[in-house]
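A structural walkthrough
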Amino acid sequence: MNPEVGSTRSVHTQKTMKTNILSDSELLDLLENDMLSSDEDFGFDSDDDIFDAEFNDSDSETDTNRSEIKIFFSLLFHMGTIKLSRIEDYWKTSVLFNIPFFRKHMSRNRFMLLLRALHFSRNTQEGELAPRNRLYKIQPIVDYFNSKMNEIYEPSKNLSIDESMVLWRGRLIFRQYIKNKRHKYGVKMYMLTEPWGLIHRIMVYSGQGQDVSEDSTHTEFVVEKLMDGLLYKGRSLFMDNFYNSVQLSRKLLSKKTYVIGTLRSNRKNNPKDVIEKKLKKGESICRYTNDGICVAKWRDKRDVLMISSEFPHEMNEITTKKKK
């Protein structure tokens, strides 16, 4: 293993990482001039009947501060550990739901008010032009997360890039529909992850025509952006056929980064004899490019096309539990 790769810094559990991110004053600095300001910035009107009906106690009359925001984020993270159907359930006193921890540190109405007010960028004022970046309202927190993860955790040798959907059914110009995801409608995110599931970096997809460069396709741009600063260290990147291509493998191989994964048959620079070869079940075919990139096809119930710049074409027979 490359001595520069691996957990050269302290290895943290997910809970410890959350605490480190939470306790850093940089996160609260993002909120200081926004959330820790007047209610007018939140779009609340003290004369609004709906607002008064929803938050009709003293919780809506007190300004927030850094200490309270820390408690708010702590409760928010803890909800990821104890999962209930609705946020309101954490404050129920029924024997089926009774969790005193939440009521002890913050009232339900106060928590819901802060959740409703949570934002990381001011709205544009009258007469101001809206920023061209569609993600300008959340970009500071995305950049903060990526930067903080880079500080506290050194990625291992084997990494993976994949996309995930954040459920959203409201109106949004870059809302996506992906039929094979658990949440079919929502905001698509690209993620760089560890084999055991830890997310190291995220990148939000903001719509067609965004996140591209003159010399790279969209998927190449995504991979290079997520791997920025992590190249030239002998890492292996596992990706599916949405990202992989011979061209991308060459780019990364020249930067001492390997690629392994499935491949689409219509990608440019695929070897024609591999793509056109008719195989029987269990047969395989492979070709190498001049720089040692392996493109292989194996026939099971259907053709499976693969690419690897790290491993050679070898077939190992295994016995599954079903066959036993």
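This write-up is about the structure you can find in this document. This structure is a prediction, so every number in the text was calculated from the model and none was measured.

Listing the buried residues of helix H9 (residues 246-253) in full gives Val246, Leu248, Ser249 and Leu252. Buried residues of H9 fall within an arc of 160 degrees about the axis and therefore sit on the same side. The inward-facing, buried residues of H9 abut helix H8 (218-226), strand E5 (236-239), strand E6 (258-262), strand E8 (294-299) and strand E9 (303-308).

Under the defined criterion, the tally for this structure stands at eleven aromatic pairs. With a centroid separation of 4.9 Å and an interplanar angle of 35 degrees, the aromatic rings of phenylalanine 72 and phenylalanine 111 are classed as tilted. Taken together, the residues span a long stretch of sequence, with phenylalanine 72 in helix H4 (residues 66-81) and phenylalanine 111 in helix H6 (residues 108-117) at a distance of 39 residues. Like phenylalanine 111, phenylalanine 72 is buried. Aromatic side chains tyrosine 190 and tyrosine 205 sit 6.3 Å apart centroid to centroid with 75 degrees between the ring planes, which places their arrangement in the edge-to-face category. With tyrosine 190 in strand E3 (residues 185-193) and tyrosine 205 in the loop between strand E4 (199-204) and H8, this pair connects stretches of sequence that are 15 residues apart. With respect to class, tyrosine 190 is no different from tyrosine 205; both count as buried.

With that out of the way, let us pick up helix H7 (residues 139-152). Across its 14 residues, H7 extends 20 Å between first and last C-alpha, which sits within 8% of the 20 Å expected from 1.5 Å per residue. Among the residues making up H7, those that are buried are Val142, Tyr144, Asn146, Lys148, Met149 and Ile152.

Core analysis: the biggest nonpolar cluster contains 18 residues, and Ile161, Leu192, Val223, Met227, Leu237 and Met239 have the highest contact counts within it. Of all the secondary-structure elements, those providing two or more residues to this core are strand E1 (158-167), E3, H8, E5 and H9. With three residues, the top contributor of residues to this core is H8. If sequence neighbours within four positions are ignored, leucine 237 has contacts with Leu159, Ser160, Ile161, Leu192, Val223, Met227, Leu252, Tyr258, Val259 and Ile260. Counting 17 residues, the second-largest nonpolar core is a separate cluster that includes Phe72, Phe73, Ile99 and Tyr144.

Calculation rules
Residues numbered from 1 in each chain as written. Predicted model: local features only at pLDDT ≥ 70, side-chain atom pairs only at ≥ 80, totals over all residues. Heavy atoms only, no water. Buried < 20%, exposed > 50% of the residue type's maximum accessible area, 1.4 Å probe, protein only. Helix = DSSP H or I, 4+ residues; strand = E, 2+ residues; numbered from the N terminus. Arc of directions from axis to C-beta. Contact = heavy atoms within 4.5 Å. Phe/Tyr/Trp six-rings, centres within 6.5 Å; stacked < 30°, edge-to-face > 60°. Expected span 1.5 Å × (residues − 1). Core = buried A, V, L, I, M, F, W, Y, C linked by side-chain atoms within 4.5 Å.

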